[in-house]
Amino acid sequence: MDFIDKILEKLKDWTRKLVDALLGPAGQPEPELIPIPVNDRQRRQ
C-alpha cells in the first residue's frame, strides 16, 4: 500500500508541474487589452 501511495504522490507532482508549465503558476486568464483611441484626423490633413 505504501508503494501505491508513493506512485500516486509522484503522479500528482508531475501533473502539477505539467499544469504549471502549460498554464502558468496561477492559471490565470490573459487580461483583455484596452483599446486606446487615436486621433487620426490631424495626421490626414
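That block above? That's the structure.
Let me begin by describing the structure that accompanies this report. Sequence order as written defines the numbering, with residues in each chain counted from 1. In view of the model being predicted, local features appear only for residues whose pLDDT reaches at least 70, and side-chain atom pairs are presented and counted only at 80 or more, with totals across whole chains, interfaces and linings using the full set of residues. Side-chain descriptors were evaluated using all non-hydrogen atoms of the structure, hydrogens and water having been removed beforehand.

1. Some details on the pattern of salt bridges
Then comes step 1: Take a side-chain nitrogen of Lys or Arg and a carboxyl oxygen of Asp or Glu: if they are within 4 Å of each other, that pair is a salt bridge. Counted by the stated rule, this structure contains 4 salt bridges.
Then comes step 2: In this structure, K6 engages D2 in a salt bridge whose closest nitrogen and oxygen atoms are separated by 3.9 Å. Here K6 and its partner D2 are both found in helix 1 (residues 2-23), 4 residues apart, which amounts to about one turn of the helix. Just as K6 is exposed, D2 falls in that class too.
Then comes step 3: As a salt-bridge pair, R16 and D13 come within 3.9 Å of each other at their nearest N and O atoms. Of this pair, R16 and D13 both sit in helix 1, 3 residues apart, which is roughly one turn of the helix. The secondary structure listing takes helices from DSSP runs of H or I that are at least 4 residues long and strands from runs of E that are at least 2 residues long, numbered from the N terminus. Per-residue accessibility, obtained with a 1.4 Å probe over protein chains only, is compared with the maximum for each type, and a residue is labelled buried under 20%, exposed over 50%, and partly exposed between these values.

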